[in-house]
2 protein chains.
Amino acid sequence: MIVKSRVVIGIDPGFAITGYGLVREQENGDLEWISHGVVTTPSDWDEPKRLLELYQNLCEILNTYKPDCCAVEKLFFQKNVKTAISVGQGRGAALIAAAASELPVGEYTPLEVKQAIVGYGNADKQQVQQMVKILLGLSEIPQPDDAADALAVAICHLHSTRRNHISNYD
Amino acid sequence: MIVKSRVVIGIDPGFAITGYGLVREQENGDLEWISHGVVTTPSDWDEPKRLLELYQNLCEILNTYKPDCCAVEKLFFQKNVKTAISVGQGRGAALIAAAASELPVGEYTPLEVKQAIVGYGNADKQQVQQMVKILLGLSEIPQPDDAADALAVAICHLHSTRRNHISNYD
């Protein structure tokens, strides 16, 4: 199977803070870190304005780095319904931004991300972050957590699609 | 208090179906029905594309009718967290569309809508829809339910702001 160089943006969606991370898979299969960060919006802004700002920031990031595909964490484990709606709204902003850039979007559960990065689903956050650092050849664990998680989702997508195993690519 | 003529769009947010309804409050305080309908997206499209389509359809509706403000139902009562995230994503699309049109957004719980339309919070859906029909001088109850609910939210916003009672206008 021929693997072409490709860039994926991983997104760890949220309302107050959304993590993103960009990784290139080189033609020889090596992973290369490109960028990571978070989008935050002023907490004293109203909700619609914050969502628009999040959406526009993500569009700008996509426009800057022009990734080939997007990987977003699936969210099942919110503490309560109110939080779930709020995070869902932020996740909606991310998906709309991806669709507006006509990117294919892969969605992965936290379990799938852990399995792809560490090799088993019971791995803890620190183990995942440590593996992200190693896999990308970084000198430190990426900060903050949301950005490290986003890089993990990006790597998960590259591993999963390289293995031709896109079960949840709906 | 001087009441100027103004147009509000009410939105009953969802993922598969989003209701909208536009109502004008005339200078004498009378309500005038303008339009109502629903935005649906093809169920065989993937989620990001459906959200983008929803967002773009709502932007088009806002651009067509140019309302002065937007009222959106608050969602607390989803059956489960998975549904809440999905509906939250649809609600995010609606809020981003409103913010992109620089509309002030009022948010109302179902209880507040029932109280504003029927006068008490235990009213059932049929009573609310019947009152929407009467208040807007329509010959029939607006269809489908999502559009009738959206008109109810629009009327709720007009009643609440006329009474200078915008407790949840965050």
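Anyway, here's the lowdown on the structure attached to this text. (Residues numbered from 1 in each chain as written. Chains lettered and ligands numbered in written order. Predicted model: local features only at pLDDT ≥ 70, side-chain atom pairs only at ≥ 80, totals over all residues. Heavy atoms only, no water.)

## Let's talk about the interface of chain B and chain A
A common way to express how large an interface is: the accessible area buried when the components associate.
Alright, step 1. On the chain A side, the residues contacting the 26 residues of chain B number 26 residues.
Alright, step 2. Summed over both sides, the interface of chain B with chain A buries roughly 2,300 Å², with 77% coming from carbon and sulfur.
Alright, step 3. Ranking the residues of chain B by area buried against chain A places Pro48, Ile85 and Ile96 of chain B at the top, with a combined share of 24%.
Alright, step 4. Linking chain B to chain A there are two salt bridges.
Alright, step 5. Between Glu47 of chain B and Arg91 of chain A there is a salt bridge whose closest N-O contact spans 3.3 Å.
Alright, step 6. Taken together, chain B and chain A are joined by six residue pairs in polar contact (both at pLDDT 80 or more).
Alright, step 7. Mapped onto the side of chain B that touches chain A, the elements with two or more residues apiece are helix H1 (47-65), helix H2 (81-100) and strand E5 (105-108) of chain B.
Alright, step 8. In terms of residue count, H2 of chain B provides more of the side of chain B that touches chain A than any other element does, 13 residues in total.
Alright, step 9. For the side of chain B that touches chain A, a count of residues per class yields 15 nonpolar, four polar and seven charged. (Contact = heavy atoms within 4.5 Å. Buried area = accessible area lost by both parts, 1.4 Å probe. Salt bridge = Lys/Arg side-chain N within 4 Å of Asp/Glu carboxyl O. Polar contact = N/O pair within 3.5 Å; in protein donor to acceptor, adjacent residues only side chain to side chain. Helix = DSSP H or I, 4+ residues; strand = E, 2+ residues; numbered from the N terminus. Nonpolar A, V, L, I, M, F, W, Y, C, P; charged D, E, K, R; others polar.)

## Overview of the environment of Asn57 of chain A
Alright, step 1. Within the secondary structure, Asn57 of chain A is located in helix H1 (residues 47-65).
Alright, step 2. A polar contact is formed between the side chain of Asn57 of chain A and the backbone oxygen of Glu53 of chain A, at a distance of 2.8 Å.

## Some remarks on the sheet that holds strand E1 (residues 6-12) of chain A
Residue and element names in this part refer to chain A.
Alright, step 1. Ordered in space as E3-E2-E1-E4-E5, the five strands form an open sheet in which the pairing is mixed. Each edge of the sheet is formed by a strand with only one pairing partner; in this case those strands are strand E3 (31-40) and strand E5 (105-108). Between one strand axis and the next, the sheet turns by 20° as a mean value, whatever way the strands run.
Alright, step 2. Across four bridges, the pairing between strand E4 (residues 69-73) and E5 is parallel. If you follow Cys70 over to E5, its bridge partner there is Val105.
Alright, step 3. Here H1 sits on the sheet in contact with E1, strand E2 (17-25) and E3, set at roughly 160° to E3. (Pairing = 2+ DSSP bridges. Axes fitted to C-alpha atoms, helices over the stretch in contact; angles between N-to-C directions.)

## Here we look at the packing of aromatic side chains
Alright, step 1. Tallying each qualifying case throughout the model produces one aromatic pair over all chains.
Alright, step 2. The ring of Trp45 of chain A has Lys49 of chain A lying over it, and the distance from NZ or CZ to the ring centre is 4.2 Å. (Phe/Tyr/Trp six-rings, centres within 6.5 Å; stacked < 30°, edge-to-face > 60°. Lys NZ or Arg CZ within 6 Å of the ring centre and 35° of its normal.)

## Some thoughts on the environment of Tyr55 of chain B
Alright, step 1. Inspection of the secondary structure assignment puts Tyr55 of chain B in helix H1.
Alright, step 2. Taking the relative accessible area as the measure of exposure, Tyr55 of chain B reaches 10% and is therefore buried.
Alright, step 3. Sequence-wise, Tyr55 of chain B and Glu112 of chain B are 57 residues apart; in three dimensions their C-alpha atoms are separated by 26 Å.
Alright, step 4. What Tyr55 of chain B contacts, discounting residues up to four positions off in sequence, is Tyr55 and Ile96 of chain A together with Ala93, Ile96, Ala97 and Ala100 of chain B. (Buried < 20%, exposed > 50% of the residue type's maximum accessible area, 1.4 Å probe, protein only.)

## What about the packing of H1 of chain A against helix H2 (residues 81-100) of chain A?
Residue and element names in this part refer to chain A.
Alright, step 1. Where H1 contacts H2, the axes come no closer than 9 Å and their chain directions differ by 35°. Remark: the crossing between H1 and H2 carries right-handed chirality. Between H1 and H2, the residues in contact are Glu47, Leu51, Leu54, Tyr55, Leu58, Cys59 and Leu62 and Gln89, Gly90, Ala93, Ala94, Ile96, Ala97, Ala98 and Ala100, respectively. (Left-handed = near helix turned anticlockwise from the far one by under 90°.)

## A word on the relation of the copies chain B and chain A
The operation relating the two chain copies consists of a rotation about an axis and a shift along that axis.
Alright, step 1. If you rotate chain B by 180° and push it 0.0 Å along the axis, it lands on chain A with an RMSD of 0.0 Å. A rotation of that kind, with that shift, is consistent with a two-fold axis.
Alright, step 2. By residue overlap, the copies meet face to face through one surface: 100% of the interface positions of chain B are interface positions in chain A. (Least-squares fit on C-alpha atoms with pLDDT ≥ 70 in both.)

## Describing the pairing of strand E4 (residues 69-73) of chain B
Within a regular beta strand, the side chains point alternately toward one face of the sheet and then the other, so they alternate between its two faces.
All names here are of chain B.
Alright, step 1. Most of E4 sits inside the fold, with five of its five residues counted as buried.
Alright, step 2. Taking every second residue as pointing to the same face, both faces of E4 are buried, with Cys69, Ala71 and Glu73 on one and Cys70 and Val72 on the other.
Alright, step 3. Looking at chain direction, strand E1 (residues 6-12) and E4 are connected through four bridges and run parallel. Looking at the pairing, Val8 lines up with Cys69 of E4.

## Points about the pattern of salt bridges
Alright, step 1. Under the definition given, this model contains 10 salt bridges over all chains.
Alright, step 2. Between Glu25 of chain B and Arg6 of chain B there is a salt bridge, with the nearest N and O atoms lying 2.8 Å from each other. With Glu25 of chain B in strand E2 (residues 17-25) and Arg6 of chain B in strand E1, this pair connects stretches of sequence that are 19 residues apart.
Alright, step 3. Through salt bridges with shared partners, a single network forms among Glu47 of chain A together with Arg91 and Glu107 of chain B.

## A closer look at the side chain of Arg6 of chain B
Residue and element names in this part refer to chain B.
Alright, step 1. Given a relative accessible area of 18%, Arg6 falls into the buried group.
Alright, step 2. A distance of 3.2 Å separates a polar atom in the side chain of Arg6 from the backbone oxygen of Leu158.
Alright, step 3. Only 2.8 Å separates the side chain of Arg6 from the side chain of Thr161, close enough to count as a polar contact.

## Examining H2 of chain A
Residue and element names in this part refer to chain A.
Alright, step 1. Look at H2: 28 Å from first C-alpha to last across 20 residues, which is about the 28 Å you get at 1.5 Å a residue.
Alright, step 2. The buried count for H2 comes to 17 of 20 residues, which makes it a mostly enclosed element.
Alright, step 3. In the segment just after H2, Glu102 is the residue with positive phi, at about 55°. (Expected span 1.5 Å × (residues − 1).)

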